[in-house]
Amino acid sequence: MSNTVVNHLRTGLTAGLTGCAALLLVTFTPPPGGAAAQSLAQGRELFQLCAQCHGDAGEGDPAPGVAAPAIAGLPAWYLTRQLENFKSGARGRHFDDLEGLRMRPMALSLNHAGDIEAVAAYTAALPVRLPEPSVEGDATAGGQLYPLCASCHGVHGEGSEPQGGPPLHIQGDWYLRAQLVKYKEGVRGVHPQDTWGLMMRPMALVLTSEKSLDDMIAYIMTLPGEPAAAPAK
Amino acid sequence: MEYLPVVSTYAQSIDDAILLIAVLVGFWTVLTFTLFFWLIFRYRARPGQRAGYVTGEERQPKRFITIAHMLVLVCDVFIVIAAIRVWVDVKQTLPTAPETQTVRVIGQQWAWSFVHPGPDGVLDTADDIKSVDELHIEVGRPYIYELVSRDVLHDFSVPAFRLKQDAIPGRIIQGWFEATDTGSFDIQCAEMCGIGHGLMPGRLVIETPEQHAAWMARQGQAAGRALLASGRASG
């Protein structure tokens, strides 16, 4: 084989390998912004499924047959926990939990690594839309019972991750009431794997009458979610 | 080779009816296309030869259509007889044997729920067993199902039974099945019912009488524990 042919082969091989390396580099290089941007993009894409019921802005929809709560701005740890509960059947697998049964297959569709975390982070970053009250009750009377809730959900309804209580002040009152009824009736918070739900259920059972439920919800709707600003001196 | 398990008393008769249709329709399809392409080739355009115009009014040329038409109609009669026999058996008849039990099948967006009769064998009594996703039945026992929907149209589909039945809101639709083998089989929704339609699979668990009794006992114990926990929580 002449030297010219060998040189041509060597040049061709080098060019080919360089091309392959460049292609691999382009293919596997993460988009600008790195892993965080990729996760956000993944979360935004997955949220399209949530938006079908929870609304484009995660504002929720109380309409019968949908009954999807507001999820915008809920903490990622709480959203993650609920999605995992729905996936495992710890929540939303009760015979009488119509809304939960609607939600469960949606959580089951999040079956790739990082899906739950990505959609939870994206949803948590959405701006909160404070709900309009619709339940009528005596907020003062409800406030008498609220200290029991405050130990987990915070004095101002802001929620507490260590105590496992989600924020209440950003949630629609119709949804809070519906969940309290579910806890009371044993539709939610009875699965052995729903650790936090099992803790919540006895609290809901304290509200023994329809009026006490309405009063409690009315009080929660007055909560600011954060301590009142100190008066200017 | 078995592509899909045959697990109900009527599944084979449905397969046979479909096979009969496939064979008869397949025969005429192959014959028609063979003749069609042969005629195209045999009477292809040739220089200096004009095509004849057939009006279709004379008896002699029409016989090629008429005779074939009659033969197809005879085949149709066979298909209709086979289909009606299967239809009457599967859809128009309910079992009357004393061991027959009733189960309730409930479709909703997006899950299947079931109400089984408890140890007393009667539905709508205190010992009923409610479940989500899983229907438990005994092999060799006829069941009448009451199919309802909580919201929109669904379709209760059990491929291993060759069973498909629409669930219509506001109506209770009855049908029946009798399993011929034990095992776990798919339950699907076969009617587009919304965004989660493809995500509402259920399981049909067919058990021996002993296995079924053991399952009922476990469910009874679980219900007892839940009741106890509820009593503790409220007390």
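From a predicted model like this one, the values you see are computed outputs, not experimental measurements.

Residue and element names in this part refer to chain A. Position of Trp-174 relative to the elements: it lies in helix H7 (residues 173-185). When the C-alpha atoms of Trp-174 and Ser-134 are compared, they prove to be 6.9 Å apart, with 40 residues separating the residues in sequence. Filtering out sequence-adjacent residues up to four positions away, Trp-174 remains in contact with Asp-61, Pro-62, Ala-67, Ala-68, Pro-69, Ser-134 and Val-135.

This next bit is on the sheet that holds strand E5 (residues 142-149) of chain B. What the 5 strands build is an open sheet, ordered E3-E2-E1-E5-E8 (chain B); its pairing is mixed. Two strands lie at the open edges of the sheet, namely strand E3 (129-132) and strand E8 (173-178) of chain B, each paired on one side alone. Sheet twist, expressed as the average angle between the axes of neighbouring strands with direction ignored, equals 25°. Relative to strand E2 (residues 111-116) of chain B, strand E1 (residues 101-108) of chain B runs antiparallel, the two being bridged by 5 bridges. Bridge pairing in E2 of chain B links Gly-107 of chain B to Trp-112 of chain B. Running at roughly 70° to E1 of chain B, helix H4 (residues 98-108) of chain A makes contact with E1, E2 and E3 of chain B of the sheet.

Time to look at the domain arrangement of chain B. Frequently, the measure chosen for interface size is the accessible area removed from exposure when the parts meet. Residue and element names in this part refer to chain B. By the assigned domains, chain B splits into domain 1 (11-43 + 54-92) and domain 2 (101-234). Centre-to-centre, using C-alpha coordinates, domain 1 lies 41 Å away from domain 2. Of the residues lining the interface, 6 residues belong to domain 1; the matching set on domain 2 comes to 6 residues. In total, domain 1 and domain 2 occlude about 510 Å² of area from one another, counting both sides; carbon and sulfur atoms represent 41% of this. Its largest share of buried area at the contact with domain 2, domain 1 owes to Ala-11, Val-90 and Lys-91, together 60% of the area lost on that side. Here domain 1 and domain 2 share 1 salt bridge between them. Counting across the domain 1 and domain 2 interface gives 5 residue pairs in polar contact (both at pLDDT 80 or more). Taken together, the elements giving at least two residues each to the side of domain 1 that touches domain 2 come down to helix H1 (11-42) and helix H2 (59-92).

Another point: the side chain of Asn-85 of chain A. Residue and element names in this part refer to chain A. Structurally, the position occupied by Asn-85 is in helix H3 (residues 76-88). Given a relative accessible area of 11%, Asn-85 falls into the buried group. Among the polar contacts listed, one links the side chain of Asn-85 to the side chain of Asp-194, at a separation of 3.5 Å. If we ignore the near neighbours within four places in the chain, the residues touching Asn-85 are Ala-90, Arg-91 and Asp-194.

Turning our attention to the side chain of Arg-141 of chain B. All names here are of chain B. Considering the arrangement of structural elements, one finds Arg-141 in the loop between strand E4 (134-138) and E5. A polar side-chain atom of Arg-141 sits 2.5 Å from the main-chain carbonyl oxygen of Glu-99. A polar contact of 3.4 Å, which involves the side chain of Arg-141, links it to the side chain of Glu-138.

All names here are of chain A. Here H7 is 13 residues long and its end C-alpha atoms lie 18 Å apart, about the 18 Å a rise of 1.5 Å per residue gives. Along H7, the positions that sit buried rather than exposed are Asp-173, Tyr-175, Leu-176, Arg-177, Gln-179, Leu-180, Lys-182 and Tyr-183. Structurally, H7 contributes buried residues whose contacts are with H4, helix H8 (195-205) and helix H9 (210-220).

Moving on, we get to the confidence of the model for chain B. Residues at a pLDDT of 70 or more form 94% of chain B, whose mean pLDDT is 91. Reported for the predicted complex are a pTM of 0.80 and an ipTM of 0.74.

Right, let's talk about the nonpolar core for a bit. Most often, soluble globular proteins have nonpolar side chains that are buried together. Residues Trp-112, Leu-135, Ile-137, Phe-156, Phe-161, Phe-177 and Leu-204 of chain B are the most contacted members of the largest nonpolar core, which totals 34 residues. In this structure, this core is formed jointly by two domains, domain 1 (11-43 + 54-92) and domain 2 (101-234) of chain B, each of which donates at least three residues. With 17 residues, the next largest nonpolar core counts Leu-79, Leu-83, Phe-86 and Leu-126 of chain A among its residues.

Here the structure, examined in full by the defined rule, presents 13 aromatic pairs over all chains. Relative to Phe-37 of chain B, the ring of Phe-33 of chain B lies with its centre 6.3 Å away and its plane at 25°, an arrangement referred to as stacked. Taken as a pair, Phe-33 of chain B and Phe-37 of chain B lie in helix H1 at a separation of 4 residues, close to a single helical turn. With a relative accessible area of 47%, Phe-33 of chain B lands in the partly exposed category. Chaining the aromatic ring pairs together yields one cluster made of Trp-112, Tyr-143, Tyr-145, Phe-156, Phe-161 and Phe-177 of chain B. Positioned above the aromatic ring of Phe-41 of chain B is the side chain of Arg-44 of chain B, whose terminal nitrogen or guanidinium carbon lies 4.5 Å from the ring centre. Of note, Arg-150 of chain B hangs over the ring of Phe-95 of chain A, and the distance from its end group to the ring centre comes to 4.9 Å.

Criteria and thresholds
- Residues numbered from 1 in each chain as written.
- Chains lettered and ligands numbered in written order.
- Predicted model: local features only at pLDDT ≥ 70, side-chain atom pairs only at ≥ 80, totals over all residues.
- Heavy atoms only, no water.
- Helix = DSSP H or I, 4+ residues; strand = E, 2+ residues; numbered from the N terminus.
- Contact = heavy atoms within 4.5 Å.
- Pairing = 2+ DSSP bridges.
- Axes fitted to C-alpha atoms, helices over the stretch in contact; angles between N-to-C directions.
- Domains from an automatic or database assignment.
- Buried area = accessible area lost by both parts, 1.4 Å probe.
- Salt bridge = Lys/Arg side-chain N within 4 Å of Asp/Glu carboxyl O.
- Polar contact = N/O pair within 3.5 Å; in protein donor to acceptor, adjacent residues only side chain to side chain.
- Buried < 20%, exposed > 50% of the residue type's maximum accessible area, 1.4 Å probe, protein only.
- Expected span 1.5 Å × (residues − 1).
- pLDDT = per-residue confidence, 0-100.
- Core = buried A, V, L, I, M, F, W, Y, C linked by side-chain atoms within 4.5 Å.
- Phe/Tyr/Trp six-rings, centres within 6.5 Å; stacked < 30°, edge-to-face > 60°.
- Lys NZ or Arg CZ within 6 Å of the ring centre and 35° of its normal.

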